[in-house]
Amino acid sequence: MAMNVGESDDETIGTINTTPLVDVMLVLLIIFLITIPVVTTSIKVDLPKETNVVRETKPENVIISVDKTGQIYLYDTPVKNGEDLFGRMKAFALKQPQPEVQIRGDGAADFEAVGRVMYAVQRAGIVKVGFITEPAGN
């Protein structure tokens, strides 16, 4: 029977295990991919489907949104009522050149809310008014 005293078969491992690092990085990548689209969206509206010509959104365009409850938003800011919207539209109507108003109405919204927006824009004297829809394929 032979016995080795003082010698060991175990060697010290001098390399870095990168598997946990890769796992953490993949989890962070998945978290960022999931959260970025949520951050970039604005007011949630279900736009009606329609075929349309591709339009270019310019920074000077005025965007009015109407959600399915009938709440009106100027850009991302809620508007109290049609008269408040009319007062804000008068300021845009005085600009030269006059900006285009783009209305984003939810498909489930009551037509009365969209009609109030159109009436306020018309009374303010804005000439260019358009509706934003989604293509029928989406």
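(A) Local environment of the overall build of the chain. When its secondary structure is counted, the chain shows 3 helices and 5 strands. Taken from the N to the C terminus, the helices and strands of the chain come in the order α-β-β-β-α-β-α-β. For the chain, the proportion of its 138 residues judged to be buried stands at 27%. Partitioning the intrachain contacts of the chain with sequence separation of at least 6 by distance along the chain shows that 70% fall at a separation of at least 24.

(B) Spatial organisation of the sheet that holds strand β4 (residues 101-105). Spatial strand order, β3-β2-β1-β4-β5: 5 strands in an open sheet with mixed pairing. Each edge of the sheet is formed by a strand with only one pairing partner; in this case those strands are β3 (77-79) and β5 (129-131). Between one strand axis and the next, the sheet turns by 30° as a mean value, whatever way the strands run. In terms of strand pairing, strand β1 (residues 62-66) meets β4 through 5 bridges, oriented parallel. Paired with S65 across the strands is R104, a residue of β4. Across the sheet, helix α2 (residues 82-93) is in contact with β1, β2 (72-74), β3 and β4; its angle to β3 comes to roughly 120°. Where helix α3 (residues 111-124) meets the sheet, it contacts β1, β2, β4 and β5, and its direction lies at approximately 155° from that of β1.

(C) Molecular detail of the pairing of β4. Along β4, 5 of the 5 residues are buried, which leaves the element largely enclosed by surrounding structure. Residues of β4 alternate between two faces, with V101, I103 and G105 on one and Q102 and R104 on the opposite face, all of them buried. Relative to β5, β4 runs parallel, the two being bridged by 3 bridges. The residue bridging V101 from the neighbouring strand is V129, located in β5.

(D) How the structure looks around α2. Relative to the 16 Å expected for 12 residues at 1.5 Å per residue, α2 spans 16 Å between its end C-alpha atoms, a close match to the ideal helical length. Of all the residues in α2, the buried ones are G82, L85, F86, M89, F92 and A93. Projection of α2 onto a plane perpendicular to its axis shows the buried side chains occupying an angular sector of 115°, all on one side. Residue N81 occupies the N-cap position of α2, its side-chain oxygen lying 3.2 Å from the main-chain nitrogen of E83.

(E) Representation of a nonpolar patch on the surface within the structure. A contiguous nonpolar surface patch, about 750 Å² in accessible area, is contributed by L21, V24, M25, V27, L28, I31, F32 and I36. I36 gets classed as partly exposed once you look at its relative accessible area, which sits at 49%.

Cut-off values and rules
Residues numbered from 1 in each chain as written. Predicted model: local features only at pLDDT ≥ 70, side-chain atom pairs only at ≥ 80, totals over all residues. Heavy atoms only, no water. Helix = DSSP H or I, 4+ residues; strand = E, 2+ residues; numbered from the N terminus. Buried < 20%, exposed > 50% of the residue type's maximum accessible area, 1.4 Å probe, protein only. Contact = heavy atoms within 4.5 Å. Pairing = 2+ DSSP bridges. Axes fitted to C-alpha atoms, helices over the stretch in contact; angles between N-to-C directions. Expected span 1.5 Å × (residues − 1). Arc of directions from axis to C-beta. Polar contact = N/O pair within 3.5 Å; in protein donor to acceptor, adjacent residues only side chain to side chain. Patch = residues over 30% accessible without salt bridge, like charges linked within 9 Å, V, L, I, M, F, W, Y side chains within 5 Å. Areas by Shrake-Rupley, 256 points an atom, 1.4 Å probe, with all protein chains shown as cover. Salt bridge = Lys/Arg side-chain N within 4 Å of Asp/Glu carboxyl O.

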